[in-house]
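For reference, the chains in residue letters:
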Amino acid sequence: MAHDTTEQNRQMTHFDDHDALWLFGYGSLIWKADFPYLERRPARIHGWRRRFWQGSHDHRGTPEAPGRVATLVAEPGAACQGMAYRISPATLRPLDVREKNGYLRELTPLHFDDGTTATGLTYLATADNAAFLGAAPLDAIARQIAAAEGPSGPNRDYLLHLETALAELGVHETHVSDLARRVRALNPCHA
Ligand code: SIN
């Protein structure tokens, strides 16, 4: 079950004395940028794969019926495309609350499309966090997403917004598109 990571993240003072830092988003942070940012650019990180393996008890599900949201799973040779935001360190405070269900700030190299790199932060939910659900057959993940709903809305909206945002970035990922196809088939009125 859930374990609030807000205070743990606030101990991470790495960028406190910087004017700005890069935050890499790969899930809702791609399509729901409801925080102030100075600039945003598509970026990727290497060695990670996006997977719907993290439980959501607070946004897209409930403690009794958690939803599933994205996290990153280490995989040598893989790359994950997302959106990088240049933000002020103060912006991390509300983001720590938004990402409190198991995500921890993690330092990572970011690669931009023009070949430049920067060290940034991403919120990572590792396999040892209390809300981690892990791998499951795609049909089972799709059924869970199709059924779950939480204070931030239906779980399927998270998945379908991510699918759209990735398409806008020119990214096609079978894990996301296969899940979206299955969820649409389960909820045809939301296709
Ligand atoms: C992210 O989007 O980068 C983290 C996971 C989420 O908030 O969906």
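Our structure is the block above this text.
Conventions used here
Residues numbered from 1 in each chain as written. Predicted model: local features only at pLDDT ≥ 70, side-chain atom pairs only at ≥ 80, totals over all residues. Heavy atoms only, no water. Helix = DSSP H or I, 4+ residues; strand = E, 2+ residues; numbered from the N terminus. Buried < 20%, exposed > 50% of the residue type's maximum accessible area, 1.4 Å probe, protein only. Contact = heavy atoms within 4.5 Å. Areas by Shrake-Rupley, 256 points an atom, 1.4 Å probe, with all protein chains shown as cover. Lys, Arg positive; Asp, Glu negative; His and termini not counted. Charge placed at Lys NZ, Arg CZ, Asp CG, Glu CD. Near = heavy atom within 4 Å. 1 Å grid on protein atoms, 1.4 Å probe; cavity = no way out; pocket = protein on both sides within 12 Å on 5 of 7 lines; lining within 4 Å. Sits in = over half its atoms within 2 Å of the grid points. Nonpolar A, V, L, I, M, F, W, Y, C, P; charged D, E, K, R; others polar. Pairing = 2+ DSSP bridges. Axes fitted to C-alpha atoms, helices over the stretch in contact; angles between N-to-C directions.

Undergrad: How should I be thinking about the overall build of the protein in this particular structure?
TA: Secondary structure assignment for the protein yields 6 helices and 7 strands. Listing the helices and strands of the protein from first to last along the sequence gives α-β-α-β-β-α-β-β-α-β-β-α-α. Scored against the burial criterion, the 191 residues of the protein give a buried share of 48%. Considering only residue pairs separated by 6 or more positions, the protein has 75% of its internal contacts joining residues 24 or more positions apart. For the protein, the exposed area adds up to about 8,900 Å²; of that, 52% sits on carbon and sulfur atoms. Distance from the positive charge centre (20 side chains) to the negative charge centre (23 side chains) of the protein: 5 Å.

Undergrad: Looking at this structure, how should I read the site of the ligand?
TA: The environment of the ligand is formed by Gly-25, Tyr-26, Gly-27, Ser-28, Leu-29, Ala-70, Glu-99, Tyr-103 and Tyr-158. In the complex, 97% of the free accessible area of the ligand, which totals 250 Å², lies under the protein chains. Among the detected pockets, the ligand sits in the largest pocket. The class makeup of the residues in the shell around the ligand is 5 nonpolar, 3 polar and 1 charged.

Undergrad: Even after reading the chapter, I still don't get the sheet that holds strand 5 (residues 117–124), so can you show me in this structure?
TA: Sheets are built from strands paired through backbone hydrogen bonds, the pairs being either parallel or antiparallel. With mixed pairing, 5 strands are arranged side by side around a closed barrel as 1-3-2-4-5. Averaged over neighbouring strand pairs, the angle between their axes works out to 45° when direction is ignored. Sitting on the sheet, helix 4 (residues 138–147) is in contact with strand 2 (39–56) and strand 3 (67–87), with an inclination near 35° to strand 3.

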